[in-house]
Amino acid sequence: MKKVSKLAALTLVASVWLSTSTVWGASLSADGVRGSDDQILTNVTTISGTGDFGGDNGAAAKASFRSPSGIAILADGSLLVADTRNHLLRQVKAGQVTTYAGLTLKKDDKGLPLGGRYDDAKEVSFFQNPAGLAVDGQGNIIVADAGNNAIRKITPSGQVTTIAGSGVIGMKDATGADAAFNHPSDAAVAADGTIYVADTLNHLIRSISPSGEVKTLNALSGRLIEVTPGQVAQAGDYADGPLANAKFNEPTGLAIDSKGNLYVSDTGNQRIRYIDLQQRTVTTAAGSSMNEAKTGLYGRNDLYAAGDFADGPADKALFYSPQGIAVTAEGGLLIADSLNHSIRYLLNGHVSTIAGNAGQRAGEADGADRSAALNNPTDVAVAQDGSIVVTDAYNNKLRQVSLYQLPAGLPNDTELKVAYGSQLIQFSVKPEFKDDRTMVPVRAISETLGYQVTFDDVSRSVQLSKDDMTIELYIGKTGIQRKVKGSDGVMKETDVAPYIKEDTTYVPIRFFAEEIGMNVQWYDAAKTAILR
């Protein structure tokens, strides 16, 4: 499902002939600032959506969605969103959300919109749980209309047609409406106009020629499991090798790379697979399973391989229901790792995490990379300003992941510095190191962050207060206490104590900043502590 770029001539040329499942432009690895733990520093914000489960158009900040699951960037830079549970395609443009395509006339007994299937002008056509989106070289929008088991097209003039799919669940290679799919979740368009489809519940990768002929590329799964006593169902399977013999387990995301080959988000296998369309082979690009060495990939009646989380070498990395993916200009792959509530990045045989709660917990907080929180992100794309756009499905929001920018003109010397966001803090008395910790003059840092400083000579403590919260540190003693009005203070151990030097009180910046909910990173190249 999509792309990282600073829009340049290459981006414009590539967009003419490649699907939006592929992204061209800036380099996350080269352009990103890395912290002391090799974390690529990013900022996560909300583009659109209140978080309510609804269908309101209007100002982006006040609009609402129902489980958005797919996204594409249109030629004018606007965002096209598959608003799945509203059965609509929505557009975010110039700070406004409108309905781009689709119509709903009825509601179910819970008051939720009902979808349908009807080809006509985009304003009066019907969709059923639209999912993945792609844009071809002529500006046609390709829709994986999952609930209708069909692949639909919206022309630049606004006409909706069905490219392939009978609308009935099945698995049949044929032309156009005679073909059958089972919950297709994504599509990607090659330079020659071939559409590739993640036919999710058939566990297959399908192709659609420009003339509408549907072909199956890999082998059917023959693995049967007992889902309930006496009820047997076909589950997905796993096999690398010749494409005709390869097997997948609920593939949901597709992206075409610069060689014209296909990445597949193999969701049920917790892996990223790679189809070399010239060599007709399938390999595993990233992902593994903690249980595999002991029990095999699947237990006796497991639908899926076990999911988990681990960054590191690609063959040791762990995912949990990876879905939407996007190729970057440097040959990397962005991954919406949905049940780890994270955005992951595969580059040069290594997997890292660029956004999402450090404990893989769901949430909706904006903030710095691993301090921010997502809830079941399902797709990624790259906007024309180079930021990454995420469909945050269970938060009913669109989120943005942007590379952190260092302060302008940051001196590249050995003097200790502190940045608050992208602004360099000016100190009349310089910060210093003590026991490998960054110590800063308390008054300067508190004024920058909007805290009031008081001293208690009896207890030899310093209090930093804002609103209903007070952080208390003790001169010459380790430990920090966080007090919230109306509740008892909570003590936390530290390994360095505040001290007074030449009438200036120094405090450990990391412990104080983290207690007030800030992210702290160390940028060694410029000897800078970064607070966000």
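Conventions used here
- Residues numbered from 1 in each chain as written.
- Predicted model: local features only at pLDDT ≥ 70, side-chain atom pairs only at ≥ 80, totals over all residues.
- Heavy atoms only, no water.
- Buried < 20%, exposed > 50% of the residue type's maximum accessible area, 1.4 Å probe, protein only.
- Helix = DSSP H or I, 4+ residues; strand = E, 2+ residues; numbered from the N terminus.
- Arc of directions from axis to C-beta.
- Salt bridge = Lys/Arg side-chain N within 4 Å of Asp/Glu carboxyl O.
- Core = buried A, V, L, I, M, F, W, Y, C linked by side-chain atoms within 4.5 Å.
- Contact = heavy atoms within 4.5 Å.
- Phe/Tyr/Trp six-rings, centres within 6.5 Å; stacked < 30°, edge-to-face > 60°.
- Lys NZ or Arg CZ within 6 Å of the ring centre and 35° of its normal.
- UniProt positions renumbered as here; feature names shortened; annotations may be inferred.
- Patch = residues over 30% accessible without salt bridge, like charges linked within 9 Å, V, L, I, M, F, W, Y side chains within 5 Å.
- Areas by Shrake-Rupley, 256 points an atom, 1.4 Å probe, with all protein chains shown as cover.
- 1 Å grid on protein atoms, 1.4 Å probe; cavity = no way out; pocket = protein on both sides within 12 Å on 5 of 7 lines; lining within 4 Å.
- Points joined across faces, edges and corners; volume = space filled by probe spheres on them.
- Nonpolar A, V, L, I, M, F, W, Y, C, P; charged D, E, K, R; others polar.

1. A few points about helix 4 (residues 442-449)
Then, number 1: Buried within helix 4 we find V442, I445, S446 and L449. Along the long axis of helix 4, the arc covered by the buried residues comes to 100°, so they all point the same way.
Then, number 2: Following helix 4 by one or two positions, G450 has its phi on the positive side, about 80°.

2. A short note on the pattern of salt bridges
Note on pairing: side chains with opposite charge can pair once their charged atoms come close.
Then, number 1: Scanning the entire structure with this criterion turns up 25 salt bridges.
Then, number 2: Put simply, D392 and R399 hold a salt bridge, and the shortest N to O gap is 2.7 Å. An identical accessibility class is assigned to D392 and R399; each is buried.
Then, number 3: Each member of the salt-bridge network shares a partner with another, and the members are D119, D145 and R152.

3. What to know about the nonpolar core
Then, number 1: Ranked by internal contacts, the top residues of the largest apolar core, which has 31 residues, are V418, L464, I516 and L531.
Then, number 2: Of all elements in the fold, only strand 34 (437-441), helix 4, strand 36 (461-466), strand 37 (469-474), strand 41 (504-508), helix 5 (509-515), strand 42 (520-523) and strand 43 (528-531) reach the threshold of two or more residues within this core.
Then, number 3: Discounting chain neighbours no more than four positions away, the residues touching L531 are V418, A419, Y420, G421, I445, I509, A513, M518, N519 and V520.

4. Some details on the packing of aromatic side chains
Then, number 1: Scanning the entire structure with this criterion turns up five aromatic pairs.
Then, number 2: Judged by centre distance (6.5 Å) and plane angle (65°), the ring pair of Y118 and F126 falls under edge-to-face.
Then, number 3: Residue Y118 is classed as partly exposed on the basis of its relative accessible area, which comes to 40%.
Then, number 4: Cation over ring: R66 sits above F53, and NZ or CZ is 5.3 Å from the ring centre.
Then, number 5: When the ring centre of F127 is taken as reference, the NZ or CZ atom of R152 above it lies at 4.7 Å.

5. A look at the UniProt feature "domain: Copper amine oxidase-like N-terminal" (unreviewed entry) in the chain
Then, number 1: Under the UniProt annotation, the feature "domain: Copper amine oxidase-like N-terminal" (unreviewed entry) is placed at residues 424-530.
Then, number 2: Spanning residues 424-530, this segment combines 14% helix with 49% strand, and its end C-alpha atoms are found 9 Å apart.

6. Points about a nonpolar patch on the surface
Then, number 1: Together, V227, L303 and Y304 line one region of the surface with nonpolar side chains, adding up to about 230 Å² of accessible area.
Then, number 2: Turning to its location among the elements, L303 is positioned in the loop between helix 3 (292-295) and strand 22 (312-313).
Then, number 3: The class of L303 is partly exposed, set by a relative accessible area of 35%.

7. Some points on unusual backbone geometry
Then, number 1: Located in the positive-phi region is Q270, a residue other than glycine, with phi close to 55°.
Then, number 2: Looking at the secondary structure, you find Q270 in the loop between strand 19 (262-266) and strand 20 (271-276).
Then, number 3: Of note, the phi angle at R460 is positive, near 50°, even though the residue is not glycine.
Then, number 4: For R460, the position within the fold is in the loop between strand 35 (452-456) and strand 36.
Then, number 5: For R460, a relative accessible area of 47% puts it in the partly exposed group.

8. Thoughts on the layout of surface pockets
Then, number 1: By volume, the largest pocket is sized at about 620 Å³.
Then, number 2: Taken together, 30 residues line the largest pocket, and the ones lying closest to its centre are H183, T252, Q323, N376 and T378.
Then, number 3: In terms of residues, the lining of the largest pocket owes the most to one element, strand 7 (residues 130-135), which gives three residues.
Then, number 4: A per-class count over the lining of the largest pocket returns 11 nonpolar, 17 polar and two charged.

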